[in-house]
Amino acid sequence: SSATLGELIRDDFPILRRRFGPHPLVYLDNAATTQKPQVVLDALVDYYAGVNSNIGRGFYTLSMAATDAYENARETVRRTLNAGRPEEVVFTSGTTGAVNLLADTFGRSRVGAGDEVVVTGMEHNSNMLPWRRLCETVGARMVVVPVEADGRVAPARFAAALGPRVRLAAVAHASNVLGTVNPVRTLIEEAHRHEIPVVVDGAQAVPHRPVDVRALDADFYCFSGHKVYGPMGIGVLYGKYALLSELSPYQVGGGTVKGVTLDTPVGYVPVPARLEAGTPHVAGAVGLAAALDYLAALGWQRVRGHDEHLVRAAVETFGAVPGVRVLGDPAADPNGIVSLVVDGIHPYDVGGHLNQHGVAVRSGVHCANVFVDTFGVVGTVRLSFGIYNTEDEIDVVRRALSTVAPGVWTKDHPTERFLAIDPAKGHS
Ligand code: PMP
């Protein structure tokens, strides 16, 4: 039989050669961060070894080369998202950085006392707390759209929240807890009916599916480089040009101004430079572009097919293990994540046990405290797949789970809170 994508490309990722005692690393925490292929590591080293210099202001060869590398990376991101022009791509430190930028600029200019900001019940803290703080600061109200039992936001429920005082909406493209995917195209359409701009948190979507910001008609779209096989410390804020252009600088400083005297008003340069004060993470942008090129060369059809194969295999495998329950319905539209609960055993104990077998998973609430609270569990055990995972690794987890037992965390907590949800009751 032909090798799967995971088997074919594992050698591209040096860290996957690590072993822990007798156990090879089974890395299933890709929703937290992904491992880096050699081409990304090479891009970082080559940049620092051969091109490094500050961008924009130098009229010497190296500086111009660094500027070109940075702007070429911006073009690669533009192409990846199918944005209309490179000026619509702002480099940030990550998704968190992008949402904070928006809350402090767009939010502060558009949302006032008595207004409303709509978020959904499945948001990561990074796409919730910046909006909540904005609302607290300006005297607005944050409206939370509840999530359905299948782990998605229903368009009708979202539409019902779009009252006359709503100034913007922020929605996750895909859940980092359940791996479920929201119908963002439809949600955006609903919001646009009322001329409400929409911020999409694409942190968990960009690594798993082709994203076309123009087809979605997203006003803003954010993602993190490190979750898409690129470096940490670099991320992207896409915004429609007209909307980005109305933003005043988030941070002020070098690179944002046209000319400064002490007694005249400050004139700011156009976007994206206006929103990228100071020296940017040039190497990070270059590394991110290398990662996006690597993914593009694999092809979305193969990446999607592999993702679907692994998620469906995991749902089938763990659905057949007594005492283990899969949350939500991740196999309906696979997006690399399967969240489990093991009846009567705290997720931290499950995570610690799996670690004894070389398995890396995340346990807990995954920075989505409010969402996980609605399941009536203390947390979940999250398996999240990347392009290099294999079906054999799912079997390693299955075998390891057959010997999992209550440990210190379980003893410290009341048992009823580890019981899996009753799917009939849903999450809301
Ligand atoms: N949103 C979602 C859905 C996420 O999964 C994450 C990362 N777990 C973030 C936002 C925050 O991303 P970062 O930490 O890279 O800023």
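Here goes a summary of the coordinates provided. For every chain, the first residue of its written sequence is number 1, and the numbers climb from 1 along that sequence. Thresholds applied to this predicted model are a pLDDT of at least 70 for local features of residues and 80 or more for the giving and counting of side-chain atom pairs; totals over whole chains, interfaces and linings are not thresholded and use all residues. Only hydrogens and water are removed before side-chain values are computed, so all heavy atoms of the structure are retained for them.

1. Things to note about a negative patch on the surface
On the surface, a cluster of negative charge is contributed by Glu7, Glu316, Glu391 and Asp392. Each helix is a run of H or I in the DSSP string that is no shorter than four residues. Each strand is a run of E no shorter than two, and both are numbered from the N terminus. Within the secondary structure, aspartate 392 sits in helix H14 (residues 391-401). Taking the relative accessible area as the measure of exposure, aspartate 392 reaches 55% and is therefore exposed. Surface patches are defined over residues having more than 30% relative accessible area and no salt bridge, joining like charges when they lie within 9 Å and nonpolar side chains (Val, Leu, Ile, Met, Phe, Trp, Tyr) when within 5 Å. For every accessible area listed, the method is Shrake-Rupley and the probe measures 1.4 Å; residues are considered covered only by the protein chains on display. Each salt bridge in this description consists of a side-chain nitrogen of Lys or Arg and a carboxyl oxygen of Asp or Glu lying within 4 Å of one another. Charge assignment: positive for Lys and Arg, negative for Asp and Glu; neither His nor the chain ends contribute. Where a charge lies is defined by one atom per residue type, namely NZ (Lys), CZ (Arg), CG (Asp) and CD (Glu). The cut-offs for exposure are 20% and 50% of the maximum accessible area for each residue type, with area from a 1.4 Å probe on protein chains only; residues under the lower value are buried, those over the upper are exposed, and the others partly exposed.

2. Focus: the packing of aromatic side chains
Stacked, edge-to-face and tilted labels apply to pairs of Phe, Tyr and Trp rings (six-membered ring for Trp) whose centres lie within 6.5 Å, assigned for plane angles under 30 degrees, over 60, and everything in between, in that order. Under the defined criterion, the tally for this structure stands at nine aromatic pairs. With a centroid separation of 4.6 Å and 65 degrees between ring planes, the pair formed by phenylalanine 13 and tyrosine 388 is classed as edge-to-face. Remark: tyrosine 388 occurs in the loop between strand S17 (380-384) and H14 and phenylalanine 13 occurs in the loop between helix H1 (5-9) and strand S1 (19-20); sequence separation between them is 375 residues. Here the two residues phenylalanine 13 and tyrosine 388 agree in accessibility, since each one is buried.

3. Things to note about the nonpolar core
We define the nonpolar core as a collection of buried residues of types Ala, Val, Leu, Ile, Met, Phe, Trp, Tyr and Cys that are connected through side-chain atoms lying within 4.5 Å of one another. Counting 77 residues, the largest nonpolar core has Val77, Phe91, Val118, Phe158, Tyr221, Leu288 and Ile387 as its most contacted members. At twelve residues, the largest contribution of residues to this core is made by helix H10 (residues 282-298). Any two residues whose heavy atoms approach within 4.5 Å at even a single point are treated as in contact. With residues up to four places along the chain from it excluded, the contact list for isoleucine 387 reads Leu5, Gly6, Ile9, Phe13, Tyr229, Tyr294, Leu295, Leu298, Val303 and His306.

4. Topic: empty space enclosed by the protein
The method works on a 1 Å grid over the protein atoms by themselves. A cavity is a set of points holding a 1.4 Å probe that cannot get out, a pocket is an open set with protein on both sides within 12 Å along at least five of seven lines, and residues with an atom within 4 Å of a point line them. Grid points are joined across faces, edges and corners, and a volume is the space filled by probe spheres set on the points. The final tally for this structure, using the stated rule, is two cavities of 30 Å³ or more. What the largest cavity holds in volume is close to 50 Å³. In terms of lining residues, the largest cavity is bounded by Pro207, His208, Tyr229, Val303, His306, Asp307, Phe385, Gly386 and Ile387. For the lining of the largest cavity, the residue count by class is five nonpolar, three polar and one charged. Gly is put with the polar residues, along with every residue not named as nonpolar or charged; the nonpolar set is Ala, Val, Leu, Ile, Met, Phe, Trp, Tyr, Cys and Pro, and the charged set is Asp, Glu, Lys and Arg.

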